[in-house]
Protein chains: 2
Amino acid sequence: VDRLTIKDVARAAGVHPATASRALNPRLPGRISAETTERVTRAAAALGYVVDPVGRSLRTQRSGTIGVLVPDLLNPFYPPVLRGVEGVLRENGFEALIASTDNDVRREAGLLDVFRGRRCEGYLVASASRRDETVRSLVRDGVPVVLVNRLTDVDAPSVTSDDAQGIGAAVAHLRGLGHTAIAHLTGPADISVTGRREKAFRAALAPGRPIVARAAQYTAAAGEAACLTLLRKRPEVTAILAGNDLIAVGCYAAFGRLGLSCPRDVSLIGINDMPLAEWLRPALTTVAIPQQLMGAQAARLIVATINNPQAAVRSIALDTALIVRGSTGPVRPATRSSA
Amino acid sequence: VDRLTIKDVARAAGVHPATASRALNPRLPGRISAETTERVTRAAAALGYVVDPVGRSLRTQRSGTIGVLVPDLLNPFYPPVLRGVEGVLRENGFEALIASTDNDVRREAGLLDVFRGRRCEGYLVASASRRDETVRSLVRDGVPVVLVNRLTDVDAPSVTSDDAQGIGAAVAHLRGLGHTAIAHLTGPADISVTGRREKAFRAALAPGRPIVARAAQYTAAAGEAACLTLLRKRPEVTAILAGNDLIAVGCYAAFGRLGLSCPRDVSLIGINDMPLAEWLRPALTTVAIPQQLMGAQAARLIVATINNPQAAVRSIALDTALIVRGSTGPVRPATRSSA
């Protein structure tokens, strides 16, 4: 049999081929009534017609792909973000090309070359450092780009989280439990979220005296090492706000090595609410970021930018919320000071 | 400036354009000497020439994409598999289109339609059920496909793990610690790995009496529920081999609810060695499957199949190994029986 074309669908639906084409492709300009769209969609389904994105890409010069750069797919924060991205992009006729940069600027630049060679129509960048040449070159060249979670020194639309909200709630929760010696165990300074969270922590604690320590990376291993150093140096600390859930996972390990029980001796709060956070023991109290929504909103922004380059796209800061689980409890200062 | 073409590169390198083209594209037929390849690559780099996969795709009718179907990106087993896939595909001029099927056959079929519409040149299927119409249709149509981790009733090249090896070591380890009442808490029967692991467990335990219970899904929540039922019904059990690490995570939660301490009262072994397994408390003893290698080998197989459809591609079963951590210890039968 011959390959079905849009003309066959148009004939079956009793409309002009251009109308049928628009009805089946939300990205083509021109409005079609819901009734016509429905009729064309039914005709296409009845005939078994499948839209041919490669053929479309030849006619429209559009690849239908979005390049997505994440620091590392193994960080449990990103899979839910990517699921949000995947769903919205596919609904809109796009597919994602995904790459892990390992927070390596040369690797990021190389990946961008690969994706530009494939004529990605836009980029979602979750791997930005504070000064990011890759993002800078995209913005300079007028390529649609949306920053996800992390910002950089170049202005571009973004989807981030309102961490101040959740961090304020976290500090209030710890104070309500009687904690006063509260430390923030944050991540590397060259990533924007680090500064954003530290600022929110200091503001929430004021006029109290903030204790801030830094893990070399947003990983459990770096979190464990930094937590050991912190607790040995500052034995008065009775509660820790970790820079993210992975650093919190490292804190649990450090507590174990120091013979401290959580939350009896030390309370712990993470940030993200990664998929396994509720399954840790004790279950992790954490500032939840809506990860899947972050991906979905970022995908909506990039699709909107591509479909209407003139439109003013507004950046979004998503709400965060404290989820109280088992890792926070009342202060017992005597226990910690004597440890 | 005009767009650079392969002719500019050929002129700079002093070779014929067809030679330059082959030197820059490992997928085109014809052998080029290492020296010529080096010269062309340098000329391309000096000029800033980037291979244009879209233009190439028009000339060669190749999309340069591979469809990758996983059950759920949120299962921590798959991100390392995908990192392995990503690296090898990119080295060979391919990119992955990734989708989560949620173990839903209708969703899987719909995703396949999307990917076929984009003319994916081959498929890596990690989501196969025992009878999988999606895989069947790919194999029937002669489309290159490699199964990852899970098999189905249609014959296709695959990359799996030799679970019998690691499960044998796990049972021997538990026996060495004095355990005799060992249960296997496995997953749903419609997934091939379930049967493979149960068979290996029964063989390793023979002539001992196997205890086998089933979680409804390979998730922590299903693992917790199934573990509660198992331990209430069979209080003599002192050790559990979970069907995967997520089920093991659920077992930790069940132990907590029953007031049991691991490994003092119950020993626990997982399967996979997912990224956070070593960070659980106690750290999880597990049968490690080389996840990144599994992805890399599957990518190598699909590239080999596409580049040489006549070649006989051999399926691979990767070695597994027991990693002993803190969740297994000597039996204390009196404690458990009286619990």
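To be clear, the structure that these remarks concern was listed above.
The rules behind the values
Residues numbered from 1 in each chain as written. Chains lettered and ligands numbered in written order. Predicted model: local features only at pLDDT ≥ 70, side-chain atom pairs only at ≥ 80, totals over all residues. Heavy atoms only, no water. Helix = DSSP H or I, 4+ residues; strand = E, 2+ residues; numbered from the N terminus. Buried < 20%, exposed > 50% of the residue type's maximum accessible area, 1.4 Å probe, protein only. Pairing = 2+ DSSP bridges. Axes fitted to C-alpha atoms, helices over the stretch in contact; angles between N-to-C directions. Contact = heavy atoms within 4.5 Å. Buried area = accessible area lost by both parts, 1.4 Å probe. Salt bridge = Lys/Arg side-chain N within 4 Å of Asp/Glu carboxyl O. Polar contact = N/O pair within 3.5 Å; in protein donor to acceptor, adjacent residues only side chain to side chain. Least-squares fit on C-alpha atoms with pLDDT ≥ 70 in both. Expected span 1.5 Å × (residues − 1). Core = buried A, V, L, I, M, F, W, Y, C linked by side-chain atoms within 4.5 Å.

So, unusual backbone geometry
All names here are of chain A. Geometrically, the link from Ala206 to Pro207 is a cis peptide bond, its omega value of 5 degrees lying close to zero. Within the secondary structure layout, Pro207 lies in the loop between helix H9 (192–205) and strand E7 (211–214). Positive phi, close to 55 degrees, is recorded for Asp102, a residue that is not glycine. Among the structural elements, Asp102 can be located in the loop between strand E2 (95–100) and helix H6 (105–117).

Brief notes about the environment of Ala203(A)
Residues and elements named next belong to chain A. In this structure, Ala203 sits in helix H9. The exposure class of Ala203 is exposed, given its relative accessible area of 57%. Spatially, the C-alpha atoms of Ala203 and Ala164 are 8.5 Å apart, while their sequence positions differ by 39 residues.

Quick word on the sheet that holds strand E2 (residues 95–100) of chain B
All names here are of chain B. With parallel pairing, the six strands of this open sheet are ordered in space as E2-E1-E3-E4-E5-E11. On the outer flanks of this sheet lie E2 and strand E11 (316–318), each paired with one strand and no other. Taking each pair of neighbouring strands and ignoring which way they run, the sheet shows an average axis angle of 20 degrees. The pairing of strand E3 (residues 122–125) with strand E4 (residues 145–148) spans three bridges and is classified as parallel. Following the sheet pairing, Val125 is matched in E4 by Leu147. Those strands touched by helix H12 (residues 291–307) are strand E1 (65–70), E3, E4, strand E5 (158–161) and E11, and its axis lies near 160 degrees from that of E5.

Things to note about the interface of chain A and chain B
If you look at the interface, chain A gives 52 residues, while chain B gives 52 residues. A combined buried area of about 4,000 Å² lies between chain A and chain B, and 63% of that area is made up of carbon and sulfur atoms. Among the residues chain A hides against chain B, the three largest losses belong to Arg118(A), Trp279(A) and Arg281(A). Together they make up 19% of the total. On inspection of chain A and its partner chain B, the count reaches six salt bridges. One can count 13 residue pairs in polar contact (both at pLDDT 80 or more) joining chain A with chain B.

Some words on the relation of the copies chain A and chain B
For the pair chain A and chain B, the superposition axis carries a translation of 0.0 Å, the fit reaches an RMSD of 0.3 Å, and the rotation angle comes to 179 degrees. Taken together, the rotation and translation describe the operation of a two-fold axis.

Here's the deal with helix H10 (residues 220–233) of chain A
Taking 1.5 Å per residue, 14 residues should reach 20 Å; H10(A) reaches 20 Å between its end C-alpha atoms and fits that length. Burial in H10(A) covers these residues: Ala220(A), Ala222(A), Gly223(A), Glu224(A), Ala226(A), Cys227(A), Leu228(A), Leu230(A) and Leu231(A).

Digging into the side chain of Ser63(B)
For Ser63(B), the location among the structural elements is in the loop between helix H4 (53–60) and E1. Separated by 2.9 Å, the side chains of Ser63(B) and Thr65(B) make a polar contact.

Brief notes about the nonpolar core
Soluble globular proteins: nonpolar side chains tend toward being buried together. One finds Val68(A), Leu89(A), Leu124(A), Val68(B), Leu89(B) and Leu124(B) to be the most contacted residues of the largest nonpolar core, which totals 84 residues. Discounting residues that sit within four places of it in the chain, Leu89(A) has contacts with Ile66(A), Phe94(A), Glu95(A), Ala96(A), Ala299(A), Ile302(A) and Val303(A). The next biggest cluster of nonpolar side chains, apart from the first, holds 73 residues, and it includes Val266(A), Leu276(A), Leu231(B) and Leu284(B).

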